[in-house]
Amino acid sequence: MIKLNTSAAPFTLPESIRQLETIAYNLWWSWNHEAQALFAAIDREQWEREHNPVKLLKSLSQNQLDALAGNPEFVVRVEHVAALLKQELERETWMNRQHPDYKNKLVAYLCTEFGIHECLPIYSGGLGVLAGDHTKSASDLGVPFVGVGLLYRNGYFTQQIDAEGRQVHIYPDFDFTEMPLRRIVDDSGAPVEVSVTLPQGDVRVQAWLLEVGRSQVILLDTFHEGNPPELREITSQLYGGDRDMRISQEIVLGFGGVRMLRRLGVNPTVWHLNEGHVAFSCFERIREYMQERELSFDAAQEAVKSATVFTTHTPVPAGNEAFSLLQMDRYFRDFCKQLGIGLRSLLQLGLQADENGSKYFSMTVLALRLSCKSNGVSQLHGKVSQRMWAHVWPGVPVEENPITSITNGVHTQTWIAPEMRRIFDEHVGRDWLEHLADPEYWQHVQQVPVNTLLATKRALKERMIQFIRERLKTQYRRNGASKTFIQQIDSWLSPDALTIGFARRFAPYKRAYLILSDLQRLNQLVNDPEHPIQLIFAGKAHPQNREGQKIIQQIWQLAQKPEFLGKVILLENYDMNVARHMVAGVDVWLNNPRRPQEASGTSGQKVPINGGINFSVLDGWWPEAYDGSNGWKIGEDREYEHEYIQDREDAESLYSTLEKEIIPLYYGQNRESSGRTWGDTMLNSMRTVIPVFNTEVMVRNYFEKLYRVAADRYRGWVEKDVQTVAELIQFRQLLEENWPLLHFASLSTERNAMNGESEVKITADLYLGELSEDMVQVELVGMPLNQDTRPLLVVPMQQVEKVAPSLVRYHLHTRLPISREDELRLRVIPRHDALSHKHELGLIYWHNVQ
């Protein structure tokens, strides 16, 4: 962990319980149930209301603190939890065991939002919660990790739903001294700050430290008394304001984040850009290389690229961050002058044009071009991203472009209910946390007695229902409902009924309305006297998303109809607290986005941890998990030309599967025909999802597929000696100069069909111009035709001899499947040890094989 000076706590504790301060300021408590129970023992009512240990301790009077300090039983509990935290921070980790050479190679993880816990509401949804879970698992694994983000004084927004179902946006003014984070200060106690230049003036940026187990997150804050009011507002709201506010936020995060790390003496080996919002950080690092190490602009790009990895989360082109060229000109013209480069050189890194010819600057393309490794967040999303961004590597087959995939997961300890954890301890093994990446170990979950599992699930559902009722009472009371009506809420929702949850951002493509598309059919399902279902919705729509807000209002108004009242529920202000109750309590988690627009969708991964089952479109992570025994699918594994056809067919599939499979299985009607029970399906869901779709697996994959590659590349030819960077620049320039000259001066082929295969002999003479033969690789490629989904067939050709100074002969003798005969092409690509991917430079020469 990085040692940093921080401001004092806003309270003083007696000596015997002083360790409460250490516990309160490390978000480790957010996934440790004993630590949470310790704080609840101080004041259960306030704890349940706030879930904020710092605010709780700050609110106590001296008499209350003295009483706690004089309670021997409480003091022993404090010492026990403090010992657990110390043990966690000092234990040997996966990183120390498996990769000791990298234990000091720090990863800087830049993200515009972090969802660590609801008491720090600076997140909007999936991206932030994923970043929080990533941070926690980095701590668990011992990956050296520092997050960098913004500290939003008004957060995202607090959602209220009025009596008409309209979403109301409330922007609280947070007091950061009441949150589990501290201002970073220097030796004199003054706030550490850096400056970032904008057209509006210089912005003074201060920082706060958030400790998350071993991991640390540095949050930047412009609410500084030295800034004018308009510049203080930069870190006021997450995803708020106009386009000038958005670019200002991203410049402060990108430039300010790098400068703050340097100011604190923190020098990461690897930089992880989590979505394109943070890609301006690459500009600041380019400036460092140019001004401090005297590299050229091109060489500085390569140096930055060597240590940078990028994750894209958005499969919808319109959802990727972009700025107008006019805006980029205004914010970066002076920056380019400072570097001695033309504005064109900078804009080329992200320059794009739409189908109408309008041009703009894409943050995603910037990140792709300045990263040595890039990934989507599920296997399907990786393929979608390869298609979406194929134009960045023209001529390269889509399936070969340098975007891989690492499927998202969830932090198991954050999302598991205490009751379910006890079941795992007793029946799976007390060491189950050490086997989160071991599917074979999780076969032990079959040892859980079904009756025990069902009884625990019912208890979780009852707790969720009580939680929902209390929130609904507050909501209806605020909206002027009568006392009689409020009392009726205590009869809403039944723990006996099949309970389906839908909770996520109310974006139109997520289709919250799909299960409401046939109200007569829904009425029959909800009001079946023997086998009813009940629906619980929750989620926010962005303040500027009118269509999403309209969906919220439609669901609310539907839920007020007599036939649906108390059986279709819409909860307001969806946050991590609501999410924990829902993923623990529902029987079925509904997910029906318009395929393939869901990048991953991690909410459904939290449900099997608590005995729930997924019912989802085959999008995001679910195609990798679904096996027919662990949940249900909606629709087919295909894409549609027309959205209305997709909606119609998916709605029919949803209703039909509910009626014929899910409801009968839940109520025990089709046990004989299906060959399984509801309990069997719960266990299959746990067995197949828990050990695969968690952030321990995910972060291991990030380290082994991305971080280690970037660390090796940076260490090998930037950290030690930037000469390799210069060599790569010269290599690229020589390739670009000679690539137009490449061609096969002669080519002979021979094919013979034999035993179901095709024997192929090829001899080709390649003209190289001024290139040497060790600078290129020649390959035979089998190209699938007519929408064929078979993978490319790639066979390297062998260099035979040098026919002339610039002419090299290649030969290949191989056997191929007969179906490949009419699909063969030769290609030439660059070859260099410093390339992280063979298509990194985007240079490729094709030649048809006759």
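As shown above, the structure is provided for reference.
Residues numbered from 1 in each chain as written. Predicted model: local features only at pLDDT ≥ 70, side-chain atom pairs only at ≥ 80, totals over all residues. Heavy atoms only, no water.

1. Some remarks on the nonpolar core
Stage number 1. Leu20, Ile23, Phe39, Ile218, Phe280, Phe283 and Phe332 are the most contacted members of the largest nonpolar core, which totals 157 residues.
Stage number 2. What isoleucine 218 contacts, discounting residues up to four positions off in sequence, is Leu4, Val146, Gly147, Val148, Gly149, Ile184, Ala207, Trp208, Leu209, Met260, Leu261 and Leu264.
Stage number 3. Judged by nonpolar contacts, the second largest core, of 89 residues, contains Leu514, Trp556, Ala584 and Ile662. (Core = buried A, V, L, I, M, F, W, Y, C linked by side-chain atoms within 4.5 Å. Buried < 20%, exposed > 50% of the residue type's maximum accessible area, 1.4 Å probe, protein only. Contact = heavy atoms within 4.5 Å.)

2. What to know about the pairing of strand β13 (residues 359-362)
Remark: a regular strand shows side chains that alternate across the two faces of the sheet.
Stage number 1. Here three bridges tie strand β11 (residues 322-324) to β13, and the two strands are oriented antiparallel to one another. Residue pairing across strands places alanine 322 opposite serine 362, the latter belonging to β13.
Stage number 2. With three bridges connecting them, strand β12 (residues 351-353) and β13 associate as antiparallel partners. Of the residues in β13, the one forming a bridge with alanine 353 is lysine 359.
Stage number 3. As consecutive antiparallel partners, β12 and β13 are separated by five residues, and within that stretch glycine 357 has a phi angle of approximately 95 degrees, a positive value. (Pairing = 2+ DSSP bridges. Helix = DSSP H or I, 4+ residues; strand = E, 2+ residues; numbered from the N terminus.)

3. What to know about helix α2 (residues 33-42)
Stage number 1. All buried positions along α2 are accounted for by His33, Ala35, Leu38, Phe39, Ala40 and Ile42.
Stage number 2. Structurally, the start of α2 carries an N-cap: the backbone nitrogen of glutamate 34 is 3.1 Å from a side-chain oxygen of asparagine 32. (Polar contact = N/O pair within 3.5 Å; in protein donor to acceptor, adjacent residues only side chain to side chain.)

4. Digging into the pairing of strand β10 (residues 308-311)
Stage number 1. Of the two faces of β10, the one holding Thr308 and Phe310 and the one holding Val309 and Thr311 are both buried throughout.
Stage number 2. In terms of strand pairing, strand β9 (residues 270-274) meets β10 through four bridges, oriented parallel. Directly across from asparagine 274, in β10, lies its bridge partner threonine 311.
Stage number 3. Inspection of the sheet shows β10 paired to strand β14 (residues 373-376) by three bridges, in the parallel sense. Considered in β14, the bridge of phenylalanine 310 is made with serine 374.

5. Examining the pattern of salt bridges
Stage number 1. Following the criterion strictly, the structure yields 51 salt bridges and no others.
Stage number 2. Salt-bridge contacts for arginine 713 lead to glutamate 840; the nearest nitrogen and oxygen are separated by 2.9 Å. Of the two residues, arginine 713 sits in helix α28 (residues 695-719) while glutamate 840 sits in the loop between β28 (824-830) and β29 (845-848), which places them 127 residues apart along the sequence. The same class applies to arginine 713 as to glutamate 840, namely buried.
Stage number 3. Here glutamate 779 and lysine 838 are joined by a salt bridge, their closest N and O atoms 3.6 Å apart. In this pair, glutamate 779 sits in strand β24 (residues 776-782) while lysine 838 sits in the loop between β28 and β29, placing the two residues 59 residues apart along the sequence.
Stage number 4. Residue classification places glutamate 779 among the buried residues on the basis of a relative accessible area of 6%.
Stage number 5. Three or more residues are tied together by salt bridges with common partners; here these are Arg511, Arg594, Glu643, Asp647 and Asp650. (Salt bridge = Lys/Arg side-chain N within 4 Å of Asp/Glu carboxyl O.)

6. Let's talk about the environment of glutamate 250
Stage number 1. By the secondary structure assignment, glutamate 250 is in helix α10 (residues 243-263).
Stage number 2. Given a relative accessible area of 3%, glutamate 250 falls into the buried group.
Stage number 3. When the C-alpha positions of glutamate 250 and glutamine 386 are compared, they lie 25 Å apart, and in sequence the two are 136 residues distant.
Stage number 4. Among residues more than four places away in sequence, those in contact with glutamate 250 are His277, Phe280, Glu321, Phe323 and Met363.

7. Regarding the packing of aromatic side chains
Stage number 1. Taken as a whole and assessed by the stated rule, the structure comprises 39 aromatic pairs.
Stage number 2. Between phenylalanine 255 and phenylalanine 335, the ring centres sit 5.3 Å apart and the planes meet at 85 degrees, which makes this aromatic pair edge-to-face. On the criterion of sequence distance, the pair formed by phenylalanine 255 in helix α10 and phenylalanine 335 in helix α13 (residues 325-339) is long-range, its members being 80 residues apart.
Stage number 3. Residue phenylalanine 255 is classed as buried on the basis of its relative accessible area of 4%.
Stage number 4. With a centroid separation of 6.1 Å and an interplanar angle of 20 degrees, the aromatic rings of phenylalanine 280 and phenylalanine 323 are classed as stacked. Linking phenylalanine 280 in the loop between β9 and α11 (281-292) with phenylalanine 323 in strand β11, this pair joins segments that are 43 residues apart in sequence. (Phe/Tyr/Trp six-rings, centres within 6.5 Å; stacked < 30°, edge-to-face > 60°.)

8. Details of the sheet that holds β29
Stage number 1. Read from one edge of the open sheet, four strands run β25-β24-β28-β29, paired in antiparallel fashion. Either end of the sheet is taken by a strand with one partner, and the two such strands are β25 (793-796) and β29. Looking at each pair of strands side by side, their axes are set apart by 25 degrees on average, direction ignored.
Stage number 2. When β24 meets β25, the two strands line up antiparallel, connected through four bridges. The partner of leucine 780 across the bridge, within β25, is valine 795. (Axes fitted to C-alpha atoms, helices over the stretch in contact; angles between N-to-C directions.)

9. Structural notes on α11
Stage number 1. Taking 1.5 Å of rise per residue, twelve residues should cover 16 Å, and α11 covers 16 Å from first to last C-alpha, within 8% of that figure.
Stage number 2. Of all twelve residues making up α11, ten are buried, and the element is well covered by its neighbours.
Stage number 3. Listing the buried residues of α11 in full gives Ser281, Cys282, Phe283, Glu284, Arg285, Ile286, Arg287, Glu288, Tyr289 and Met290.
Stage number 4. Positive phi shows up at glutamate 294, right after α11, with a value of about 55 degrees. (Expected span 1.5 Å × (residues − 1).)

10. Details of unusual backbone geometry
Stage number 1. For the peptide bond that leads from arginine 595 to proline 596, omega is 5 degrees, which places it in the cis range.
Stage number 2. By the element assignment, proline 596 lies in the loop between β19 (588-591) and β20 (613-617).
Stage number 3. Unusually for a residue other than glycine, tyrosine 239 sits at a positive phi of about 55 degrees.
Stage number 4. Along the polypeptide, tyrosine 239 turns up in the loop between α9 (229-232) and α10.
Stage number 5. You can call tyrosine 239 buried: its relative accessible area is 15%.

11. Structural notes on the environment of glycine 376
Stage number 1. Position of glycine 376 among the secondary structure elements: in strand β14.
Stage number 2. Its relative accessible area of 0% is what places glycine 376 among the buried residues.
Stage number 3. Setting aside chain neighbours within four positions, we find glycine 376 in contact with Thr312, His381, Gly382, Ile403, Thr404, Ser405 and Ile406.

12. Considerations on the environment of glutamine 560
Stage number 1. In this structure, glutamine 560 sits in the loop between α22 (546-559) and β18 (568-571).
Stage number 2. With relative accessibility at 26%, the residue glutamine 560 sits in the partly exposed group.
Stage number 3. Note: C-alpha distance between glutamine 560 and serine 324 (236 residues apart in sequence) is 44 Å.
Stage number 4. In this view, glutamine 560 contacts Tyr476 and Leu565; residues no more than four positions away in its chain are not counted.
Stage number 5. Among the polar contacts made by the side chain of glutamine 560, one reaches the side chain of tyrosine 476 at a distance of 2.7 Å.

13. Considering the sheet that holds strand β23 (residues 757-767)
Strand pairing in a sheet relies on backbone hydrogen bonds, with the paired strands running either antiparallel or parallel.
Stage number 1. Read from one edge of the open sheet, four strands run β22-β23-β27-β26, paired in antiparallel fashion. The open sheet has two free edges, formed respectively by β22 (743-754) and β26 (798-804), since each of these has just one partner strand. Between one strand and the next, the sheet's axes are offset by a mean angle of 15 degrees, whatever the strand orientation.
Stage number 2. Inspection of the sheet shows β26 paired to strand β27 (residues 807-817) by five bridges, in the antiparallel sense. Among the inter-strand pairings, glutamine 799 is bridged to a residue of β27, identified as tyrosine 810.

14. A look at the side chain of serine 385
Stage number 1. Note that serine 385 resides in helix α16 (residues 379-388).
Stage number 2. Serine 385 has contacts with Thr312 and Ile403, leaving out every residue within four places of it along the chain.

15. Regarding the packing of helix α19 (residues 450-478) against helix α23 (residues 576-585)
Stage number 1. Where α19 contacts α23, the axes come no closer than 8 Å and their chain directions differ by 145 degrees. In this structure, the crossing between α19 and α23 has a hand that is left-handed. Contact residues: Lys457, Leu460, Lys461, Met464, Phe467 and Arg471 in α19; Asn577, Val578, His581, Met582, Val583, Ala584 and Gly585 in α23.
Stage number 2. Split by residue class, the contact of α19 with α23 holds seven nonpolar, three polar and three charged. (Left-handed = near helix turned anticlockwise from the far one by under 90°. Nonpolar A, V, L, I, M, F, W, Y, C, P; charged D, E, K, R; others polar.)

16. As for the packing of α10 against α11
Stage number 1. Contact pair α10 / α11: the axes reach a minimum separation of 6 Å and the direction vectors enclose 50 degrees. What the angle tells us is that α10 and α11 run oblique. Read as a crossing pair, α10 and α11 show a hand that is right-handed. Contacts between α10 and α11 involve Gly254, Phe255, Val258, Arg259 and Arg262 from the first element and Ser281, Phe283, Glu284, Arg285, Arg287 and Glu288 from the second.
Stage number 2. When grouped by side-chain class, the residues that make up the contact of α10 with α11 number three nonpolar, two polar and six charged. (Parallel < 35°, antiparallel > 145°, perpendicular 65-115°, else oblique.)

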